[in-house]
Amino acid sequence: MKILVCISQAPDTTSKISFIDNDTRFNDDKVQFIVNPYDEWYALVRALEIKESLGGHVSAISVGGPALETVIRKVLAIGADDAIRIDAEPSDSFGVASAIAEYAKDKGYDLILTGKETIDYNGSEVGGMLAELLGLPFVSLASKLDLSEGKVVLETAAEGGLEIVTAPLPCVISAAKGMAEARIPNMRGIMAARTKPIEVAAGNAPALVQIKKFSLPAPKSSVKLIDPENVEQLVELLHNEAKVI
Amino acid sequence: MSVLIVAEIAKGAFRKSSLEAISYGSRIASKLEMNAIVLAIGTAADAQLALAGNYGAAKVIKVDHPNFQHPDSGAYTALIADVVASTQSSVVLFTHDNLGKAVAPRLSARLRAGLVSGATALPDLSEGFVVQKNVYSGKAMAAIAITTPVKIISLMPNSVSPVLSQGTAEVEAFSGSADGYKPQTSSRYEHTERDGEISLPEAELVVSAGRGLKGPENWGMIEELAGVLGAATACSRPVSDIGWRPHHEHVGQTGLAIRPNLYIAIGISGAIQHLAGVNGSKVIVVINKDPEAPFFKAADYGIVGDAFEIVPKLTAAIKKLKSAN
Ligand SMILES: Cc1cc2nc3c(=O)[nH]c(=O)nc-3n(C[C@H](O)[C@H](O)[C@H](O)COP(=O)(O)OP(=O)(O)OC[C@H]3O[C@@H](n4cnc5c(N)ncnc54)[C@H](O)[C@@H]3O)c2cc1C
Ligand SMILES: Nc1ncnc2c1ncn2[C@@H]1O[C@H](COP(=O)(O)O)[C@@H](O)[C@H]1O
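Residues numbered from 1 in each chain as written. Chains lettered and ligands numbered in written order. Predicted model: local features only at pLDDT ≥ 70, side-chain atom pairs only at ≥ 80, totals over all residues. Heavy atoms only, no water.

**Section: the domain arrangement of chain B**
Residue and element names in this part refer to chain B. Under the domain assignment used here, chain B contains domain 1 (2-187) and domain 2 (205-324). Placing the centre of domain 1 and that of domain 2 at their C-alpha centroids yields a distance of 33 Å. Contact residues are listed per partner, giving nine residues for domain 1 and eight residues for domain 2. Buried area between domain 1 and domain 2, both sides added, is near 620 Å², and the carbon and sulfur share of it is 40%. When the area that domain 1 buries against domain 2 is broken down by residue, the three leading residues are Ser137, Lys139 and Asn158, summing to 65%. The tally of links from domain 1 across to domain 2 stands at three residue pairs in polar contact (both at pLDDT 80 or more). When its residues are assigned to classes, the side of domain 1 that touches domain 2 shows two nonpolar, six polar and one charged. (Domains from an automatic or database assignment. Contact = heavy atoms within 4.5 Å. Buried area = accessible area lost by both parts, 1.4 Å probe. Polar contact = N/O pair within 3.5 Å; in protein donor to acceptor, adjacent residues only side chain to side chain. Nonpolar A, V, L, I, M, F, W, Y, C, P; charged D, E, K, R; others polar.)

**Some details on empty space enclosed by the protein**
Summed over the entire model, instances satisfying the criterion amount to four cavities of 30 Å³ or more. Space inside the largest cavity adds up to approximately 60 Å³. Every residue along the wall of the largest cavity is listed here: B:Lys16, B:Ser17, B:Glu20, B:Pro157, B:Asn158, B:Pro201, B:Glu202 and B:Ala203. Its residues assigned to classes, the lining of the largest cavity shows three nonpolar, two polar and three charged. Taken as a whole, the second largest cavity encloses approximately 50 Å³ of empty space. What lines the second largest cavity is A:Pro11, A:Asp12, A:Thr13, A:Ile119, A:Asp120, B:Tyr136, B:Ser137, B:Lys139 and B:Gln253. (1 Å grid on protein atoms, 1.4 Å probe; cavity = no way out; pocket = protein on both sides within 12 Å on 5 of 7 lines; lining within 4 Å. Points joined across faces, edges and corners; volume = space filled by probe spheres on them.)

**Notes on the pattern of salt bridges**
Considering all chains together, one arrives at 29 salt bridges over all chains under this definition. Look at the salt bridges and you will find they share partners, linking A:Arg46, A:Glu49, A:Lys144 and A:Asp146 into a network. (Salt bridge = Lys/Arg side-chain N within 4 Å of Asp/Glu carboxyl O.)

**Some words on the site of ligand 1**
Around ligand 1 lies a shell of 28 residues, among which B:Ser236, B:Ser269, B:Gln273, B:His274 and B:Asn288 are the nearest. The residues that come close to ligand 1 belong to more than one chain, namely chains A and B. In this structure, an oxygen atom belonging to ligand 1 sits 2.9 Å away from a main-chain N or O atom of B:Gln253. One of the side-chain N or O atoms of B:Gln273 is found 2.7 Å from an oxygen atom in ligand 1. For ligand 1, whose accessible area on its own is 980 Å², the fraction buried by protein is 81%. Secondary structure elements with two or more residues in the shell around ligand 1: helix 6 (237-241), helix 7 (272-278) and helix 8 (307-324) of chain B. Along the lines of polarity and charge, the residues of the shell around ligand 1 split into seven nonpolar, 15 polar and six charged. (Near = heavy atom within 4 Å. Areas by Shrake-Rupley, 256 points an atom, 1.4 Å probe, with all protein chains shown as cover. Helix = DSSP H or I, 4+ residues; strand = E, 2+ residues; numbered from the N terminus.)

**With respect to the site of ligand 2**
All names here are of chain A. Close to ligand 2 lie 18 residues; Cys6, Asp39, Thr118, Ser124 and Glu125 are nearest. Here an oxygen atom of ligand 2 and a backbone polar atom of Ser124 are 2.7 Å apart. Val126 places a main-chain nitrogen or oxygen 2.9 Å from an oxygen atom of ligand 2. For ligand 2, whose unbound accessible area comes to 490 Å², protein coverage reaches 94%. Put simply, the parts of the chain that give the shell around ligand 2 at least two residues each are strand 6 (57-63), helix 3 (93-104) and strand 8 (111-115). Tallying contributions element by element places strand 6 first for the shell around ligand 2, with three residues. Residue composition of the shell around ligand 2, by class: seven nonpolar, eight polar and three charged.

Structure below.
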């Protein structure tokens, strides 16, 4: 099994979000970047589990500048065999998908995994675009992934239940919660990561959309506190003032 | 030229989120002086499909074929791409749910059509075509310009209220043959929800509880409150991680993101990762015994107190309201 896991970085979840350059760019000053949780906890760990049980090779791929090195080393420390950084500056999901597709098209991967979404752009777009560019089947938001007789068997949430989907290999799958349990890198992994290869490949990241401006939500007006002895007042407010019940 | 809305059918009728998308698409169509056309995939009576007219659509193209029984992204994309061509659509709308997430990006790559997923407002057409969406898990918004000839939007459920009109939509069958759109994947559905359970992603009212409840045996009062309200139940991540509640109830950055009209958070501290999944709610009520709990900063209404005392009182007060109305 040759598995490719798409890795992005995202601001640590507790980061303060602010913008610069007239609100057109994210202010990354003092922001710590982490591996996007879906990519690390679910896609990568499931890929490693499959490799451990069936044998194979797990590569991580990430599109972006040299600053990605930190998250790439983390992914290698958790257990990826090697990593590729496509040296391009994507400005949208199509750019990311195009760069990965161009690299992956003749490499013979059996399975390509992405996370459900990046926690900064929240697009849930790259996986589907990548599948289309490579002409492969795509199943999104899989919460379970197993291999059986050369096919992948997946579970995805559906209205009122589950969809159990069987897809042929090769294919692209986006990973949601449930697919695996997060792993913490151990000392041996961290040491090994230092010598694992990171290939830097040239690439292009054409864009279809442009972010014009960021804005922050209006601050919430302060909370209306209700006396715990007077719960009926809350119900009254929800009914007559907020009109939600 | 037209605006094409890809609508989903459940139990013989349009889903609520699809009606929102139909209305949203029709409003774009009228601004651009185009027709709004609905592509309805699934099984429903023509009379049901014609209801799209009440939401502003001029026409419904229906496709009811075994190839589309489950959402195979490849088959759907191929069909929708052909309908985009035959209807000369320049704007295509999806709902930002499982189907939209599987198909809209594929269509975007196939047509080289810019996509904004999870739109929360009508596009601004004053300078090009600019769509707003939430980013950084609800901590910020971005205005995104689509400049390609065909534009694709997936609409965040429950963010734009539908506008009703008097119109009727004519319903016609898909003119091509659907036989050629063979799915690459196969699928089987398993029903897991209990009867009468309200599905969390679409719920308008949600009662949610966290580690403050101490143990799974204490969820009876939460379910009772949800029951009298007609609300869905949700929980914080540690609660589903330890197995007190099923995983599909977990909301937040790594769980579901929901936008109900009312979110009642009981014994949840309000960590930023939790807020990321619920800060789109219209009204937030927080019940927590710690007045310093961060959730109060994100709340509209709050009660500082012990959940075990307050929740039963709240349930009783709501019962009283319901019986008075
Ligand atoms: C990368 C990452 C992603 C994460 N994603 C998510 C996510 O998606 N969703 C999520 O929920 N969390 C997520 N978390 C975890 C999050 O940071 C918090 O740890 C979690 O939300 C806390 O859950 P809680 O509020 O139920 O528990 P606690 O933080 O333990 O809070 C319990 C609350 O109950 C109150 N309380 C106790 N007893 C009572 C009582 N008798 N009556 C009333 N109130 C009472 C306490 O005052 C306290 O505020 C994530 C964390 C990380 C690092
Ligand atoms: N710059 C990137 N490099 C590699 N993979 C990425 C990148 N950005 C996003 N991805 C992958 O695509 C998934 C979905 O991202 P998005 O469409 O932005 O929500 C992520 O979970 C990653 O697996």
